[in-house]
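# What the coordinates show
Here is how the chains run, residue by residue.
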Amino acid sequence: MIFPIIIILIVSLVLVAIVVNALQQHKEKQEAEKRTEIAKQKSIIDETENVLLTVENIPISPTLSLVLYKRIYNAIMIIYQLNPSTTDVKQRIRDTEDKIKTIDVNDPAPTYENFNLPDNDKLIIQYIQAIKKFRVLLRSEHNKGKVDPKTFANEDRALSALQIRVNVETLAKRGDSALQSNMLGSARQYFEKAIAALDSQNQPDDYNVQRRSQLAEQLKVIQNNLRNVNAQDRAKKQEEERDELDELFAPKKKW
């Protein structure tokens, strides 16, 4: 009788060990998934906060600000649900809730009438990258169902218009600089690219129409100057060729 009991105990112990091991592996897998998800949400928070740091330099609407702060809030809440003991998470929730309460979507959206292009090329690049990032985050929230189609369309259109404006003013600035250096060919290319950027807009606004007219006038002057330069070059070349012919067929001097 003792031997069968020993066998049963051994089998039971093996089964218990298997179950305990399976439970341990499952727990470790859950913890790993939890850590991965928390890291993902922290990345979302950092990414969104970094973009919001540019708000002072880039005029965005209260609606878009609200979308981004809600994005942060949702990420913090997921972290809290996964690990309520995370350091300062409750305080972060309260701070973000307070910030959201201060945003009034009925406030007027900013205008670009007093838009000023940064002087430094590096800052311009950062400016353009930030606008693109705003559009990426807006689309991400829209795809997750956090932003309704009408709001998405309006906000993305506004960001697109700002992006076009930055591109156009950057090209125009470089065109003016090339013009001052008498680099007519380069200046022409910059202005042509700026006009092409304006023409890419499906719904041109007042800025688009007025700026295109200004750039087209500048381009016309450059093209006229280039034609004059080319004509002068051709005339000079022809004169040089005539001089060579005259010298070739001139009567030989007698010594």
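Residues numbered from 1 in each chain as written. Predicted model: local features only at pLDDT ≥ 70, side-chain atom pairs only at ≥ 80, totals over all residues. Heavy atoms only, no water.

### A look at the overall build of the protein
Note the following rule: Strands here are runs of E lasting at least two residues and helices are runs of H or I lasting at least four, both read from the DSSP assignment and numbered beginning at the N terminus. Contacts were defined at the residue level, with two residues in contact if any of their heavy atoms lie within 4.5 Å. Using the Shrake-Rupley algorithm and a 1.4 Å probe, accessible areas are obtained, with residue cover drawn only from the displayed protein chains.
Scanning the protein from terminus to terminus reveals seven helices and zero strands. Ordered by position in the sequence, the α and β elements of the protein form the string α-α-α-α-α-α-α. A sequence separation of at least 24 residues applies to 71% of the contacts in the protein between residues at least 6 apart. For the protein, the exposed area adds up to about 17,800 Å²; of that, 53% sits on carbon and sulfur atoms.

### Let's talk about the packing of aromatic side chains
Let me state the cut-off plainly: A pair of aromatic rings is counted whenever rings of Phe, Tyr or Trp (Trp by its six-membered ring) have centres within 6.5 Å, and the orientation is called stacked for planes under 30 degrees apart, edge-to-face for over 60 and tilted otherwise. Cation placement over rings: the criterion is NZ of Lys or CZ of Arg within 6 Å of the ring centroid and within 35° of the ring normal.
Scanning all chains against the criterion turns up zero aromatic pairs. When the ring centre of Tyr-207 is taken as origin, the NZ or CZ atom of Arg-165, which lies over that ring, is 3.9 Å away.

### Comments concerning the environment of Ile-124
Just so we agree on the cut-off: Burial status follows relative accessibility: with a 1.4 Å probe on protein chains alone, a residue under 20% of its type maximum counts as buried, one over 50% as exposed, and anything between as partly exposed.
The residue Ile-124 is located in helix α4 (residues 121-143) in this model. Accessibility expressed as a relative area gives 3% for Ile-124, which makes it buried. Each C-alpha atom of the pair Ile-124 and Thr-170 lies 7.9 Å from the other, and the pair is 46 residues apart in sequence. Once residues lying within four places of it in the same chain are set aside, the contact partners of Ile-124 are Leu-117, Pro-118, Val-166, Thr-170 and Lys-173.

### Some thoughts on the packing of helix α2 (residues 62-82) against helix α3 (residues 89-102)
Between two packed helices, what matters for the description is the angle formed by their axes and the separation of those axes. Formally: Working convention: axes come from line fits to C-alpha atoms, limited for helices to the stretch in contact. Angles between N-to-C directions cover 0 to 180 degrees. Roughly parallel here means an angle under 35 degrees, roughly antiparallel means over 145, roughly perpendicular means 65 to 115, and every remaining angle is called oblique. Handedness of a crossing is defined here by the sense of rotation of the near helix relative to the far one, left-handed for an anticlockwise turn of less than a right angle and right-handed for a clockwise turn. Classification used: nonpolar for Ala, Val, Leu, Ile, Met, Phe, Trp, Tyr, Cys and Pro, charged for Asp, Glu, Lys and Arg, polar for all others including Gly.
Contact pair α2 / α3: the axes reach a minimum separation of 10 Å and the direction vectors enclose 160 degrees. Comparing the axis directions of α2 and α3 gives the class roughly antiparallel. Once α2 is placed against α3, the crossing between them reads as left-handed. Facing Leu-66, Tyr-69, Lys-70, Ile-72, Tyr-73, Ile-76, Met-77, Ile-79 and Tyr-80 of α2, the residues of α3 in contact are Val-89, Lys-90, Arg-92, Ile-93, Thr-96, Glu-97, Lys-99 and Ile-100. Considered class by class, the residues forming the contact of α2 with α3 number eleven nonpolar, one polar and five charged.

### Description of the pattern of salt bridges
Going by this rule: Every case where a carboxyl oxygen of Asp or Glu lies within 4 Å of a side-chain nitrogen of Lys or Arg is listed as a salt bridge.
In total, this model carries nine salt bridges according to the counting rule given. Here Glu-31 ties to Lys-34 by a salt bridge, and the two come within 3.6 Å at their closest N and O atoms. Linking Glu-31 with Lys-34, this pair stays in helix α1 (residues 2-52), spanning three residues, or about one helical turn. In this structure, Glu-141 and Arg-71 form a salt bridge, with 2.9 Å as the shortest nitrogen-oxygen distance. Here Glu-141 is found in helix α4, whereas its partner Arg-71 is found in helix α2, with 70 residues between them in sequence. A relative accessible area of 2% means that Glu-141 is categorised as buried. When its relative accessible area of 6% is taken as the criterion, Arg-71 is described as buried. If you follow the salt bridges from partner to partner, you end up with Glu-47, Arg-71, Lys-133, Glu-141 and Lys-144 in one network.

### Brief notes about the nonpolar core
Under the convention used in this document: Buried residues of nine kinds, namely Ala, Val, Leu, Ile, Met, Phe, Trp, Tyr and Cys, make up a nonpolar core once their side-chain atoms join them within 4.5 Å.
Counting 30 residues, the largest nonpolar core has Ile-58, Leu-64, Phe-134 and Val-166 as its most contacted members. Residue contributions to this core peak at eight residues, all from α4. In this structure Phe-134 touches Val-51, Thr-54, Val-55, Ile-58, Ile-60, Leu-64, Leu-68 and Leu-159, once residues within four positions along its chain are discounted. Counting residues in each nonpolar core, the second largest holds 17 residues, with Leu-171, Ile-195, Ala-197 and Ile-222 among its members.

### A short note on the packing of helix α5 (residues 149-180) against helix α6 (residues 184-199)
Direction vectors running N to C along α5 and α6 enclose 165 degrees, while the axes themselves pass 8 Å from each other. Taken together, the axes of α5 and α6 lie roughly antiparallel to each other. As for the relative orientation of α5 and α6, their crossing is left-handed in sense. Residues Ile-164, Val-168, Leu-171, Ala-172, Arg-174, Gly-175, Asp-176, Ala-178 and Leu-179 of α5 form the contact with α6, whose participating residues are Leu-184, Ser-186, Ala-187, Tyr-190, Phe-191, Lys-193, Ala-194, Ala-197 and Leu-198. Per-class residue counts for the contact of α5 with α6 are 13 nonpolar, two polar and three charged.

### Remarks on unusual backbone geometry
For Asn-182, which is not glycine, the phi dihedral falls at a positive 65 degrees. Within the secondary structure, Asn-182 is located in the loop between α5 and α6. Residue classification places Asn-182 among the exposed positions, given a relative accessible area of 59%.

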